[in-house]
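# Residue-level structural notes
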Amino acid sequence: MEKYFIHTRKRAGNDIEHLGDIAPVDLAPLKDCLYRRKSVRKYQNKAVEPEIIDKIINFVKQVKCLHPSIKFAVEVIDKKDYKAPFTWLPQQAIAFFSTVRTGYLENAGFIMQQIELYIQSLGLGACYLGIGKPDLHIRDHALKQGDMEYVIMLAFGYPQGEQFRQEKDFNRKPMVKISDAYDEKLFPARFAPSSINSQPWYFTHVGANVHMFCVWHGVLKVLSLTDLNHIDCGIALANLYISNPTRFTFTKKKPAPERENYVYIGTIKF
Ligand SMILES: Cc1cc2nc3c(=O)[nH]c(=O)nc-3n(C[C@H](O)[C@H](O)[C@H](O)COP(=O)(O)O)c2cc1C
């Protein structure tokens, strides 16, 4: 299969990224999928056609970044070019690569979730793969070409059976467990997928600012879980952006707000 490599536009870092100025693609179908999507783990034995891969790639070219100065790339890879310990894997996956800089994991989740919802809006199923990785020659290519490391994969393909579910069938924490105040604007974050469905985010309100925190596992916990949780937070932020693209802003406050047993991710206004 042909390989697609996409490099992000670079932008010099100011720490306020206003993401809502231009909505380059119609986000309405993505917003619609946000409340219906599920991880799909049953696929037809059929590859996604090159024209549809092209559509996905074109979408990625216009995707919004949380940190536009962080270089990233995605690559569509065949099942034979990655390893993951699951029997249900579809024929293709999208692998995400990035330079390793502060915020790159949240940036990866933020971008991949837009791709996930776009893929779902095309009638395809998808499932993140936190366990598994592309083969060495693919990771080596990203490293040599752009000093980028592999971050996360999203398996995708034609679903066998139901692709969507109803809102009531989401298994998610109640608002009181993820926020210090009842806030309907945070609802889209509740629906976000997360590794082992841990939903590691917590929001606090200070005036118009909403601070986002991620569960801190302590120094002894495995690094990979911490990494996945930061990707999860980026995914939840993408859901908030997609449901409110013209008003969503994300900043990193200094000094960072604090919350016991949590790590500060950033501050949203919407
Ligand atoms: C970063 C990340 C990594 C994940 N890794 C895996 C995985 O390796 N295998 C798997 O079957 N599901 C994986 N998932 C899917 C989650 O288990 C799933 O999102 C969660 O249980 C919520 O279910 P839902 O996506 O159907 O709403 C992952 C999800 C995220 C966000």
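Residues numbered from 1 in each chain as written. Predicted model: local features only at pLDDT ≥ 70, side-chain atom pairs only at ≥ 80, totals over all residues.

Buried residues dominate strand E2 (residues 72-78), accounting for five of its seven residues. Alignment of E2 against strand E4 (residues 92-98), held across seven bridges, turns out to be antiparallel. Bridging from a neighbouring strand, Ile77 pairs with Ala93 of E4. (Buried ≥ 20, exposed ≤ 12 C-beta atoms within 10 Å, placed from the backbone. Helix = DSSP H or I, 4+ residues; strand = E, 2+ residues; numbered from the N terminus. Pairing = 2+ DSSP bridges.)

Our focus in this paragraph is the site of the ligand. Ser39, Tyr128, Gly130, Pro193 and Asn197 are the nearest of the 18 residues found near the ligand. When contributions to the shell around the ligand are tallied by element, the ones reaching two or more residues are strand E5 (125-129) and helix H7 (223-243). Here the residues of the shell around the ligand are counted per class, giving ten nonpolar, five polar and three charged. The residues that make up the shell around the ligand include at least three from each of domain 1 (25-157) and domain 2 (174-269). (Near = placed C-beta within 6 Å. Nonpolar A, V, L, I, M, F, W, Y, C, P; charged D, E, K, R; others polar. Domains from an automatic or database assignment.)

Right, let's get into the environment of Val76. Within the secondary structure, Val76 is located in strand E2. With 20 residues separating them in the primary sequence, Val76 and Phe96 have C-alpha atoms 9.1 Å apart.

Tracing the backbone through its elements, the reader meets Thr87 in the loop between strand E3 (82-83) and E4. C-beta crowding within 10 Å serves as the criterion here: with 5 such atoms nearby, Thr87 is assigned to the exposed category. Spatially, the C-alpha atoms of Thr87 and Arg41 are 9.2 Å apart, while their sequence positions differ by 46 residues.

Read across the sheet, four strands follow the order E2-E4-E7-E5 without closing on themselves; strand pairing throughout is antiparallel. Where the open sheet ends on each side, the last strands, each with one partner, are E2 and E5. The sheet shows a mean angle of 25° between the axes of neighbouring strands, direction not considered. Where E5 lies against strand E7 (residues 149-157), five bridges are found, and the strand directions are antiparallel. For Ala126, the partnering residue across the bridge sits in E7 and is Phe156. In the packing of helix H4 (residues 136-146) onto the sheet, the strands contacted are E2, E4 and E7, and the crossing angle to E2 comes to about 155°. (Axes fitted to C-alpha atoms, helices over the stretch in contact; angles between N-to-C directions. Contact = placed C-beta atoms within 7 Å.)

Okay, the confidence of the model for the protein chain next. When the pLDDT values of the protein chain are averaged, the result is 89; 89% of them are 70 or greater. For the stretch residues 7-23, pLDDT sits under 50, and the model shows 33 contacts to residues farther than four places along the chain or on other chains. (pLDDT = per-residue confidence, 0-100.)

This paragraph deals with the pairing of strand E8 (residues 201-206). When E8 meets strand E9 (residues 209-215), the two strands line up antiparallel, connected through six bridges. The residue of E9 that forms the bridge with Phe203 is Met212. Count of turn residues in the E8/E9 antiparallel hairpin: two residues, of which Gly207 carries a positive phi of about 60°.

Turning next to the nonpolar core. Core analysis: the biggest nonpolar cluster contains 67 residues, and Ile94, Phe96, Ala108, Ile115, Trp201 and Leu237 have the highest contact counts within it. Built from parts of two domains, this core gets at least three residues from each of domain 1 (25-157) and domain 2 (174-269). If we ignore the near neighbours within four places in the chain, the residues touching Ile115 are Ile56, Phe59, Val60, Val63, Ile94 and Leu154. (Core = buried A, V, L, I, M, F, W, Y, C linked by C-beta atoms within 7 Å.)

Backbone phi values are negative for most residues with the exception of glycine, while trans is the configuration of most peptide bonds. Omega for the peptide link from Lys254 to Pro255 comes to 0°, which places this bond in the cis form. Mapped onto the elements of the fold, Pro255 is located in the loop between strand E10 (249-251) and strand E11 (262-269). Although it is not a glycine, Asp147 adopts a positive phi angle of roughly 55°. Within the fold, Asp147 resides in the loop between H4 and E7.

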